[in-house]
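Given next are the chains, with one letter for each unit.
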Amino acid sequence: MSSLVHLAIIMDGNGRWAKKRNLPRAVGHLEGLKSLKKVLVGSINEGIKYLSLYCFSTENWKRPKEEVDYLMALFSNKIYGEIKTYNKLGVQIRFLGKRDGLPQKALDALDRAVEETKSNTALTLQLAINYGGQDEIARAVNKLISEGCKEVTPELIRSKFDNPDIPAADFIVRSAGEERLSNFLLFDSAYSELGFYDKLWPDWDEAMIKTVKEDYLKRERRFGGLL
């Protein structure tokens, strides 16, 4: 198996983590943010170059307004607030998702984080916020249509993604035991390996990333062919 270059994670289980401890769901989201730092360090230690995190889907707007507002506040205040950490670690921030609908404060924080980390090279962190795989494909096709394209190809569609320079994920994993993609990276998951782990997201750390990489290296990727 080739090395693990791009790891994508569906972060799940914040609410369940809090419920098990009789705490508000907001506490689970805050703990999940703390685990992110550990996962970043673990990814860098394991030589992973790209890390994509499913932070907030286009469907998550259906959640209670109080929870959505709390998450938007986290994006607005915490992402930019961790700039020093990102720069110290050499992490470059990239945004993946639909800008329409996000609060301006969150967009401003994301844009500042992207700008102030653009020269970092240790790890590229792609934050999927207000993201949906179907929406990503539709937005790309609509861009092609607006440019007068008469016939699309997979290569043309991908060229209109938010970050077409980032390679497709080698390994897409999900925490908290659920076994579905939930509209994450639908186009780029065509030949990704998939992994599902019972551990809730707030309990993930550097050791968990080591485990994930070891699991990936046991896989045999064929891309439709034979070994």
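Residues numbered from 1 in each chain as written. Predicted model: local features only at pLDDT ≥ 70, side-chain atom pairs only at ≥ 80, totals over all residues. Heavy atoms only, no water.

1. Considerations on the side chain of Glu 67
Phase 1 of the analysis: Positionally, Glu 67 belongs in helix H3 (residues 65-81).
Phase 2 of the analysis: Filtering out sequence-adjacent residues up to four positions away, Glu 67 remains in contact with Arg 25 and His 29. (Helix = DSSP H or I, 4+ residues; strand = E, 2+ residues; numbered from the N terminus. Contact = heavy atoms within 4.5 Å.)

2. A closer look at unusual backbone geometry
Phase 1 of the analysis: Even without being a glycine, Ala 176 presents a positive backbone phi close to 70 degrees.
Phase 2 of the analysis: Along the polypeptide, Ala 176 turns up in the loop between strand E5 (171-174) and strand E6 (193-196).
Phase 3 of the analysis: You can call Ala 176 buried: its relative accessible area is 9%.
Phase 4 of the analysis: Despite not being glycine, Asn 183 has its phi angle at roughly 70 degrees, a positive value.
Phase 5 of the analysis: Relative to the helices and strands, Asn 183 is located in the loop between E5 and E6.
Phase 6 of the analysis: With relative accessibility at 13%, the residue Asn 183 sits in the buried group. (Buried < 20%, exposed > 50% of the residue type's maximum accessible area, 1.4 Å probe, protein only.)

3. Observations regarding the nonpolar core
Phase 1 of the analysis: Core analysis: the biggest nonpolar cluster contains 40 residues, and Leu 7, Ile 9, Leu 51, Ile 129 and Trp 204 have the highest contact counts within it.
Phase 2 of the analysis: For this core, the element with the highest residue contribution is H3, accounting for six residues.
Phase 3 of the analysis: Ignoring any residue separated from it by four or fewer positions in sequence, one finds Leu 51 in contact with His 6, Leu 7, Ile 9, Val 39, Leu 40, Ser 43, Leu 123, Thr 124, Leu 125 and Gln 126.
Phase 4 of the analysis: Counting residues in hydrophobic clusters, the runner-up holds 10 residues, among them Ala 8, Ile 10, Ala 128 and Leu 185. (Core = buried A, V, L, I, M, F, W, Y, C linked by side-chain atoms within 4.5 Å.)

4. Brief notes about the packing of aromatic side chains
Phase 1 of the analysis: Tallied over the full model, the rule gives nine aromatic pairs.
Phase 2 of the analysis: Considering the side-chain rings of Tyr 54 and Phe 184, the 4.3 Å spacing of their centres and the 15 degrees angle between planes classify their relative orientation as stacked. With Tyr 54 in strand E2 (residues 50-57) and Phe 184 in the loop between E5 and E6, the pair connects residues that are 130 residues apart, well separated along the chain.
Phase 3 of the analysis: Residue classification places Tyr 54 among the buried residues on the basis of a relative accessible area of 7%.
Phase 4 of the analysis: Overall, the relative accessible area of 0% leaves Phe 184 in the buried class.
Phase 5 of the analysis: Ring geometry for Tyr 197 against Trp 204: centres 5.9 Å apart, planes inclined by 90 degrees, an arrangement best described as edge-to-face. Both residues of the pair, Tyr 197 and Trp 204, count as buried.
Phase 6 of the analysis: Through a chain of ring-to-ring contacts, the aromatic side chains of Tyr 54, Tyr 131 and Phe 184 assemble into a single cluster. (Phe/Tyr/Trp six-rings, centres within 6.5 Å; stacked < 30°, edge-to-face > 60°.)

5. What about the pattern of salt bridges?
Phase 1 of the analysis: Inspection of every chain in the model, using the stated rule, returns 20 salt bridges.
Phase 2 of the analysis: With its nearest N and O atoms 3.9 Å apart, the salt bridge here joins Glu 46 to Lys 213. Taken together, the positions of Glu 46 in the loop between helix H2 (25-45) and E2 and Lys 213 in helix H8 (residues 206-217) put the pair 167 residues apart, joining distant regions of the chain. Residue Glu 46 shares its accessibility class with Lys 213, and that shared class is buried.
Phase 3 of the analysis: A salt bridge links Arg 139 to Asp 135; the nearest nitrogen and oxygen atoms lie 2.8 Å apart. Within this pair, Arg 139 and its partner Asp 135 are both found in helix H6 (residues 133-146), separated by four residues, close to a single helical turn. Summarising the burial analysis for this pair, Arg 139 and Asp 135 share the class buried. (Salt bridge = Lys/Arg side-chain N within 4 Å of Asp/Glu carboxyl O.)

6. Notes on the pairing of strand E3 (residues 91-96)
Phase 1 of the analysis: With six of six residues buried, E3 is to be regarded as a mostly interior element.
Phase 2 of the analysis: In E3, alternate side chains face the same way, and those of Val 91, Ile 93 and Phe 95 on one face and Gln 92, Arg 94 and Leu 96 on the other are all buried.
Phase 3 of the analysis: For E3 and strand E4 (residues 123-131), the ladder comprises six bridges, and the chain directions are parallel. Bridge pairing in E4 links Leu 96 to Ala 128.
Phase 4 of the analysis: You can see the chain leave E3, run along helix H5 (residues 104-116) and come back into E4, and the turn it takes is left-handed. (Pairing = 2+ DSSP bridges. Right-handed = clockwise from strand over helix to strand, strands pointing away.)

7. Here we look at H2
Phase 1 of the analysis: Here H2 contains 21 residues, and its C-alpha end-to-end distance of 31 Å stays within 8% of the 30 Å for a straight helix at 1.5 Å per residue.
Phase 2 of the analysis: Gly 28, His 29, Gly 32, Ser 35, Leu 36, Val 39, Leu 40, Gly 42 and Ser 43 are the residues of H2 that are buried. All buried residues of H2 project into a common sector of 165 degrees when viewed along the axis, lining one side. (Expected span 1.5 Å × (residues − 1). Arc of directions from axis to C-beta.)

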